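# Structural overview for review
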Amino acid sequence: MDFANLPMDLKEIKLFNVGILIVATLVVAKILSSLFMSGSKKNLPPVVKAWPLLGGLARFMKGPIIMLREEYPKLGSVFTVNLVNKKITFFIGPEVSSHFFKAPETDLSQQEVYQFNVPTFGPGVVFDVDYSVRQEQFRFFTESLRVTKLKGYVEQMVSEAEDYFSKWGESGEVDLKYELEHLIILTASRCLLGQEVRDQLFDDVSALFHDLDAGMLPISVIFPYLPIPAHRRRDHARKKLAQIFARIIASRKQTGKCENDMLQCFIDSKYKDGRPTTELEVTGLLIAALFAGQHTSSITSVWTGAYLLKNKQFLSGVVDEQKNLMKKHGGKIDHDILSEMDTLHRCIKEALRLHPPLIMLLRSSHTDFDVTTKEGKEYHIPKGHIVATSPAFANRLPHIYKNPDSYDPDRFGPDREEDKAAGAFSYISFGGGRHGCLGEPFAYLQIKAIWSHLLRNFEFELVSPFPEIDWNAMVVGVKGNVMVRYKRRKLVPGDDL
Ligand code: HEM
């Protein structure tokens, strides 16, 4: 436009029009941008209120469950907490968590968020390898935990329990937590790591496991390689264990000795391309199995005992069940007989509902996705968020479980089935979906083998106050001692309690 050749009043009109156009464009742009902005903001989940920068982290570190208890009533089932440069978005309840459990690895992955396990499990296994290799390694786990294998493991569990408790006196007082922890390390070692390691447990090996364990601190989750003494001891223990396993594997291969344990399954496992597992991989996978299954099972067996001793009506229910099974099968205990112990199963399951040892499950999101809450609110979750769910919190939702804080194993009975009524992912102590626990049957068999033996051979009384939760542990467990008084008895069918 050539303004110079226009008469003065026309120039003014044109200028005025251009001005109007510019202003109008700016206004429209502003309206559009604010519409667009408010649209995307509206769809993002609500954010936990906290002081800028470190506020979110501080609230999270005070205790994730405390934060969830405070925020869920205010913000609902999907919300985000800002942790410095990361956003964690929580999905609480079966209505919103199905994507969490079912999404493929390309959408939600474990590798980044569970990296802190790598120095403990070692190189070349689980979270140190690509998903395709990890999937194959999980296949090795699945195969080593098949029913045919479990049947053999049960024989070992039963004989370890008999042997362990034969050392107790006629009567006495013990710390149930200490006793069950020790028995479970023995049975887990025997079934998973092999008789050779189990026999060395009371020598150097138990100290090495202790160091490996003590190297997994809350700080290790963020800084797994921080040069602190606990990490140095962890690394030393890891190396020593690798040497011990290398010797055992070599000797099994040399002698052709074949055992029924997870170690043997891993030695015999082959990748799809025909490659056998290396000694380092076998060691790493066994350590991973021990970490997945040892504390989780021993904590659950302690809670089960504490609740049974506190709630006499449930105690008599499980004792009656033992009597009935003894009437049917005599004193024998095997895989199939343990599988008949439905009442005991429900008592363990309920202890585990109230006290899942893994209180938070995490994934890293690689794609945007949307979620709709049960109230019909839609949220958009951008890629890059860490997504989380919490068995400890979600297992106590009052719209799923009646009186959620009370111990009531009958809620799982055939007439109530509260965990099923609300749909999949209502009970998540073992996770679920794509990465559901592979050791669940093993864990139940182990805990049942122990409690079945205890119920048949001892009477108990809880001496210390009912235990509290130790929230500070990585695998959340029982705080302090759990003192019980015991007296030997021989349960016979027809006996009164
Ligand atoms: C009471 C005992 C146990 C509890 C409460 C428990 C809990 C869990 C949970 C919550 C997960 C899911 C983790 C996630 O989604 O991020 C999981 C996965 C797993 N558990 Fe267990 N577990 C127990 C015992 C065991 C035992 C005894 C073993 C093996 C002997 C085992 C092996 C595994 C494995 C291999 C996975 C990974 C599965 C995958 O990612 O595909 N667990 N467990």
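Note: the structure precedes this text.
First, a word on what this report is: a plain description of the structure on this page. (Residues numbered from 1 in each chain as written. Predicted model: local features only at pLDDT ≥ 70, side-chain atom pairs only at ≥ 80, totals over all residues. Heavy atoms only, no water.)

## Looking at the overall build of the chain
Each helix and strand counted, the chain has 19 helices and 12 strands in total. Its C-alpha atoms give the chain principal-axis dimensions of about 115 × 55 × 40 Å. Taken across its 497 residues, the chain has 50% of its residues classed as buried. Of the contacts formed within the chain by residues at least 6 apart in sequence, a portion of 71% connects residues at least 24 apart. Accessible surface, the chain as shown: approximately 23900 Å² in total, 58% of it carbon and sulfur. Positive and negative side-chain charges of the chain, numbering 62 and 60 respectively, have mean locations separated by a distance of 3 Å. (Helix = DSSP H or I, 4+ residues; strand = E, 2+ residues; numbered from the N terminus. Buried < 20%, exposed > 50% of the residue type's maximum accessible area, 1.4 Å probe, protein only. Contact = heavy atoms within 4.5 Å. Areas by Shrake-Rupley, 256 points an atom, 1.4 Å probe, with all protein chains shown as cover. Lys, Arg positive; Asp, Glu negative; His and termini not counted. Charge placed at Lys NZ, Arg CZ, Asp CG, Glu CD.)

## Quick look at the coordination of the iron atom of the ligand
Just one protein atom coordinates the iron atom of the ligand, and that atom is Cys437 (SG), at 2.3 Å. Within the fold, Cys437 resides in the loop between α18 (418–421) and α19 (440–457). (Donors = N, O, S within 2.8 Å, 3.2 Å for Na, K, Ca; no water.)

## Here we look at unusual backbone geometry
Located in the positive-phi region is Val84, a residue other than glycine, with phi close to 50°. One non-glycine residue, Asn403, lies in positive phi territory at about 40°. As for its placement among the helices and strands, Asn403 is situated in the loop between α17 (391–394) and α18. Relative accessible area serves as the criterion here: at 52%, Asn403 is assigned to the exposed category.

## Some words on the site of the ligand
Taken together, 23 residues sit near the ligand, with Tyr114, Arg363, Ser429, His435 and Cys437 positioned nearest. At a separation of 2.7 Å, an oxygen atom of the ligand approaches a polar side-chain atom of Tyr114. Arg363 places a polar side-chain atom, nitrogen or oxygen, 2.8 Å from an oxygen atom of the ligand. Listing elements by their share of the shell around the ligand, those giving two or more residues are α13 (279–310), β5 (361–365) and α19. Ranked by residue count, the leading element in the shell around the ligand is α13, at five residues. (Near = heavy atom within 4 Å. Polar contact = N/O pair within 3.5 Å; in protein donor to acceptor, adjacent residues only side chain to side chain.)

## Brief notes about the sheet that holds strand β2 (residues 86–91)
Judged by pairing direction, the sheet is mixed, and its five strands sit side by side in the order β1-β2-β8-β5-β3 without closing on themselves. Two strands in the sheet have a free side with no partner beyond their single neighbour: β1 (78–83) and β3 (108–109). With three bridges connecting them, β2 and strand β8 (residues 386–389) associate as parallel partners. Residue pairing for β8: Ile88 is matched across the bridge by Ile386. (Pairing = 2+ DSSP bridges.)

## Some words on the packing of aromatic side chains
One pass over the full model with this rule turns up 28 aromatic pairs. Look at Phe140 and Tyr271: their rings are 5.1 Å apart centre to centre, the planes differ by 70°, and that puts the pair in the edge-to-face class. With Phe140 in helix α6 (residues 131–144) and Tyr271 in the loop between α12 (262–268) and α13, this pair connects stretches of sequence that are 131 residues apart. A relative accessible area of 1% means that Phe140 is categorised as buried. Under the relative-accessibility criterion, Tyr271 is labelled buried at 6%. (Phe/Tyr/Trp six-rings, centres within 6.5 Å; stacked < 30°, edge-to-face > 60°.)

## Here's the deal with the sheet that holds strand β4 (residues 171–175)
Taken together, three strands build an open sheet; the order of strands is β4-β12-β9 and the sheet is antiparallel. The open sheet has two edge strands, β4 and β9 (458–462), and neither has a second partner. Adjacent strand axes in the sheet meet at a mean angle of 25°, parallel and antiparallel pairs treated alike. Pairing analysis gives five bridges linking β9 to strand β12 (residues 483–488), with the strands arranged antiparallel. By the bridge assignment for β12, Phe458 is matched with Arg488. (Axes fitted to C-alpha atoms, helices over the stretch in contact; angles between N-to-C directions.)

## Section: the environment of Leu338
One can find Leu338 in helix α15 (residues 335–339). Since its relative accessible area comes to 0%, Leu338 is described here as buried.

## What about the pattern of salt bridges?
Taken as a whole, this structure holds 32 salt bridges when the rule is applied. Here Arg59 ties to Glu71 by a salt bridge, and the two come within 2.6 Å at their closest N and O atoms. Of this pair, Arg59 sits in helix α2 (residues 55–61) while Glu71 sits in helix α3 (residues 64–75), placing them 12 residues apart in sequence. Looking at Glu71, the relative accessible area reads 2%, which means it is buried. Shared partners join several salt bridges into a network, and the residues in it are Glu350, Arg353, Asp408, Arg411, Arg416 and Glu418. (Salt bridge = Lys/Arg side-chain N within 4 Å of Asp/Glu carboxyl O.)

## Quick look at the pairing of β2
Bridge count for β1 against β2 is six bridges, and the pairing is antiparallel. When the bridges of β2 are listed, Leu83 appears paired with Lys86. The antiparallel pairing of β1 with β2 creates a hairpin that spans two residues between the two strands, and Val84 there sits at a positive phi of about 50°.

## A look at the layout of surface pockets
By volume, the second largest pocket is sized at about 270 Å³. Together, 19 residues line the second largest pocket, and Arg69, Ala392, Phe393, Arg396 and Asp405 are the ones closest to its centre. Those elements giving two or more residues to the lining of the second largest pocket turn out to be α3 and α17. Sorting elements by how many residues they give to the lining of the second largest pocket places α3 first, with three residues. (1 Å grid on protein atoms, 1.4 Å probe; cavity = no way out; pocket = protein on both sides within 12 Å on 5 of 7 lines; lining within 4 Å. Points joined across faces, edges and corners; volume = space filled by probe spheres on them.)

## As for a nonpolar patch on the surface
Together, Ile219, Val221, Ile222, Phe223, Leu226 and Met474 make up an exposed nonpolar region whose accessible area comes to about 470 Å². When you line up the elements, Leu226 lands in the loop between α10 (218–222) and α11 (229–255). Among the residues examined, Leu226 registers a relative accessible area of 31% and is labelled partly exposed. (Patch = residues over 30% accessible without salt bridge, like charges linked within 9 Å, V, L, I, M, F, W, Y side chains within 5 Å.)

## Section: the side chain of Arg190
Along the chain, Arg190 turns up in helix α8 (residues 176–193). A distance of 3.1 Å separates the side chain of Arg190 from the side chain of Glu160, its partner in a polar contact. Non-local contacts of Arg190, meaning those with residues more than four positions away in its chain, are made with Gln156, Ser159, Glu160, Gln195, Arg198 and Asp261.

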